[in-house]
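# Close look at the chain arrangement
Listed below, chain by chain, are the residues.
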Amino acid sequence: MHINSHCAVGIIIASIFHPIFNFDLFQFTAIVFAAFFMDFDVFLSKFAKDNNHRMLITHSIIPSIGLLILGLIILSPVILICSLAYFIHVFVDCIDWGTNFLGIHQKPFGPKFLITKEELDNLDEILSKYKIKKSFFDIRYYSKVGVLIAEGLLFGAMLTSIILFAMEFSLFIILYLLFLAFHISGYLHLKKIEANHQS
Ligand SMILES: [Zn+2]
């Protein structure tokens, strides 16, 4: 999913555990970041198989296992919750486009509801129809009702959990809104480019 929804998941997780562990700002931030930060591996796409950042080791369960082991060794609830947040990101990404889940896959792994097997096999041909390759992914993403419902539900769950359990961290919603604005503006921009391209 898009980074705003991963951010929402991080806020939900951190908020739910907050009444138990009474996080400080650094700890709360660490958990939220653990839920989305790996998406910045997009800047390392050129090192990834098929230039797909989701095929990098950062989009596998390996870092979350590392965090799990570290958290168990030093008995840190915060690191264990970061591990959970990281794992959920990779799991969720398997559902839409797939990831390198176990770190051993040659093709994105998962149910991949946003792309069919045929499309994945002929991806270069499909992407060649677009002026900008990213357009295919953004337009497909926002055209799916399931995605819109999931984004809406996560937004609602984020608001509810932070208001109920972690009101003092409510400014984190601004981070979510910045990511959402980034994706929506990018999508509208690409849609315009592609409309001109096809006409
Ligand atoms: Zn991701």
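The following refers to the structure shown. (Residues numbered from 1 in each chain as written. Predicted model: local features only at pLDDT ≥ 70, side-chain atom pairs only at ≥ 80, totals over all residues.)

## What to know about the overall build of the protein
- Check the secondary structure of the protein and you find nine helices and zero strands.
- Listing the helices and strands of the protein from first to last along the sequence gives α-α-α-α-α-α-α-α-α.
- Referenced to the eigenvectors of the C-alpha coordinate spread, the extents of the protein come out at roughly 55 × 35 × 25 Å.
- By the burial criterion, 31% of the 199 residues in the protein qualify as buried. (Helix = DSSP H or I, 4+ residues; strand = E, 2+ residues; numbered from the N terminus. Buried ≥ 20, exposed ≤ 12 C-beta atoms within 10 Å, placed from the backbone.)

## A closer look at unusual backbone geometry
- Even without being a glycine, N22 presents a positive backbone phi close to 50 degrees.
- Mapped onto the elements, N22 comes out in the loop between α1 (3-21) and α2 (25-36).
- N22 sits in the exposed class, given 9 other C-beta atoms within 10 Å.
- In the Ramachandran plot, N51 falls in the positive-phi region, its phi being about 55 degrees despite a non-glycine side chain.
- Turning to its location among the elements, N51 is positioned in the loop between α2 and α3 (62-73).
- Looking at N51, the number of C-beta atoms within 10 Å reads 10, which means it is exposed.

## Let's talk about the packing of α2 against helix α4 (residues 77-96)
- Where α2 contacts α4, the two axes come as close as 7 Å, and the packing angle between them is 25 degrees. With respect to α4, the element α2 is oriented roughly parallel. Between α2 and α4 the crossing geometry is right-handed. Across from Q27, A30, I31, A34, A35 and F36 in α2, the residues of α4 making contact are V78, I81, C82, A85, Y86, I88 and H89. (Axes fitted to C-alpha atoms, helices over the stretch in contact; angles between N-to-C directions. Parallel < 35°, antiparallel > 145°, perpendicular 65-115°, else oblique. Left-handed = near helix turned anticlockwise from the far one by under 90°. Contact = placed C-beta atoms within 7 Å.)

## What to know about the environment of F179
- Of note, F179 is situated in helix α9 (residues 172-198).
- For F179, a count of 19 C-beta atoms within 10 Å corresponds to the partly exposed category.
- Between the alpha carbons of F179 and L153 there is a distance of 16 Å; along the sequence they are 26 residues apart.
- The residues touching F179, leaving out its near neighbours within four places in the chain, are I3, N4 and C7.

## Notes on α2
- The end-to-end C-alpha separation of α2 is 17 Å, in line with the 16 Å expected for twelve residues at 1.5 Å each.
- Those residues of α2 not exposed but buried are Q27, F28, I31, V32, A34, A35 and F36.
- Looking at the buried side of α2, the elements it contacts are α1, α4 and α9. (Expected span 1.5 Å × (residues − 1).)

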